[in-house]
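What follows is the residue order along each chain.
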Amino acid sequence: MIPTTISQTEELVNDFEVRGILPTKTYHLRILTMRVQGLTDGLEAMKQAVFKVLQTERYRYPKIYSGNYGVELWDLIGQPIPYVLPEIQRRITEALTWDERITGVDGFEFEVQKSKVHTTFVVHTIYGEIETEVAVNF
């Protein structure tokens, strides 16, 4: 049906439903060679999405990313370790779980070195699990 009146057009605009999860197909970032090459999808695309979120400091690039994107780790530098460890876990979980394809983040392990906290954890996605890590200098 081709709409002939404004009310018919409004009915068509309001008469749709989004079903399912949006595809993950995206450009493949080759981190080691710093090149974009081909496309990726599924678990590999999720690994890339997790990496990008964890490498982006939230609120640092407001013209590029929304306030929902990235992780807040910068202000943990110089803070006491008993405060830093649970905050890293909370902030990483919060940064990643806004993406509805990520179902959970757990298995946090911390290794405190001289001036760094090295964190490993597991990201659970609808495509599978991703073991990843983050280092925070302090």
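Being a predicted model, the structure only gives us computed values, none of them experimental. (Residues numbered from 1 in each chain as written. Predicted model: local features only at pLDDT ≥ 70, side-chain atom pairs only at ≥ 80, totals over all residues. Heavy atoms only, no water.)

Trainee: Explain the overall build of the protein residue by residue, including any values.
Mentor: Each helix and strand counted, the protein has three helices and five strands in total. The helix and strand sequence of the protein, counted from the amino end, reads α-β-β-α-α-β-β-β. For the protein, the proportion of its 138 residues judged to be buried stands at 31%. For the protein, the proportion of contacts with a sequence separation of at least 24, taken over those separated by at least 6, is 31%. Working note: accessible area of the protein is about 9800 Å², and carbon and sulfur atoms make up 53% of it. (Helix = DSSP H or I, 4+ residues; strand = E, 2+ residues; numbered from the N terminus. Buried < 20%, exposed > 50% of the residue type's maximum accessible area, 1.4 Å probe, protein only. Contact = heavy atoms within 4.5 Å. Areas by Shrake-Rupley, 256 points an atom, 1.4 Å probe, with all protein chains shown as cover.)

Trainee: Quick one: what's the story with helix H2 (residues 42–55), residue by residue and with numbers?
Mentor: Its 14 residues place the ends of H2 20 Å apart at the C-alpha level, agreeing with the 20 Å of an ideal helix rising 1.5 Å per residue. Here the buried face of H2 lies against strand E1 (26–30), strand E2 (35–40), helix H3 (81–97), strand E3 (102–112), strand E4 (116–125) and strand E5 (128–137). (Expected span 1.5 Å × (residues − 1).)

Trainee: Describe in detail the environment of Phe 108, supporting the description with residues and values.
Mentor: Relative to the elements of secondary structure, Phe 108 occurs in strand E3. Sequence separation between Phe 108 and Glu 133 is 25 residues; the distance between their C-alpha atoms is 9.3 Å. When neighbours within four sequence positions are excluded, Phe 108 is seen to be in contact with Gln 89, Ile 92, Thr 93, Thr 119, Thr 120 and Phe 121.

Trainee: Mind laying out unusual backbone geometry, listing which residues take part and the relevant values?
Mentor: For Met 34, which is not glycine, the phi dihedral falls at a positive 55°. Position of Met 34 relative to the elements: it lies in the loop between E1 and E2. Taking the relative accessible area as the measure of exposure, Met 34 reaches 76% and is therefore exposed. Despite not being glycine, Tyr 59 has its phi angle at roughly 70°, a positive value. Tyr 59 gets classed as exposed once you look at its relative accessible area, which sits at 54%.

Trainee: Before we move on, can you summarise the nonpolar core with the specific residues and values?
Mentor: The nonpolar side chains of soluble globular proteins are, as a tendency, buried together. In this structure, Leu 54, Ile 88, Ile 92, Leu 96 and Phe 121 are the most contacted members of the largest nonpolar core, which totals 22 residues. Of all the secondary structure elements, the ones that give two or more residues to this core are H2, H3, E3, E4 and E5. Counting residues per element, this core draws most heavily on H3, at five residues. Apart from residues lying up to four places away in sequence, Ile 88 is in contact with Leu 73, Leu 76, Phe 110, Val 117, Thr 119 and Val 136. (Core = buried A, V, L, I, M, F, W, Y, C linked by side-chain atoms within 4.5 Å.)

Trainee: Give a detailed account of the side chain of Thr 40, specifying residues and quantitative values.
Mentor: Examined against the element boundaries, Thr 40 turns out to sit in strand E2. On the accessibility criterion, Thr 40 (8% relative accessible area) is buried.

Trainee: Now, about the sheet that holds E4: what can you tell me, with residues and values included?
Mentor: As summarised here, the arrangement of the three strands in space is E3-E4-E5, forming an open sheet in which the pairing is antiparallel. Looking at which strands have only one partner, the edges of the open sheet turn out to be E3 and E5. Strand after strand, the sheet turns through a mean of 20° between neighbouring axes, direction not considered. Bridge analysis of E3 against E4 gives eight bridges, and the strand direction is antiparallel. Of the residues in E4, the one forming a bridge with Val 105 is Val 123. Packed onto the sheet, H3 meets E3, E4 and E5 and runs at close to 155° relative to E3. (Pairing = 2+ DSSP bridges. Axes fitted to C-alpha atoms, helices over the stretch in contact; angles between N-to-C directions.)

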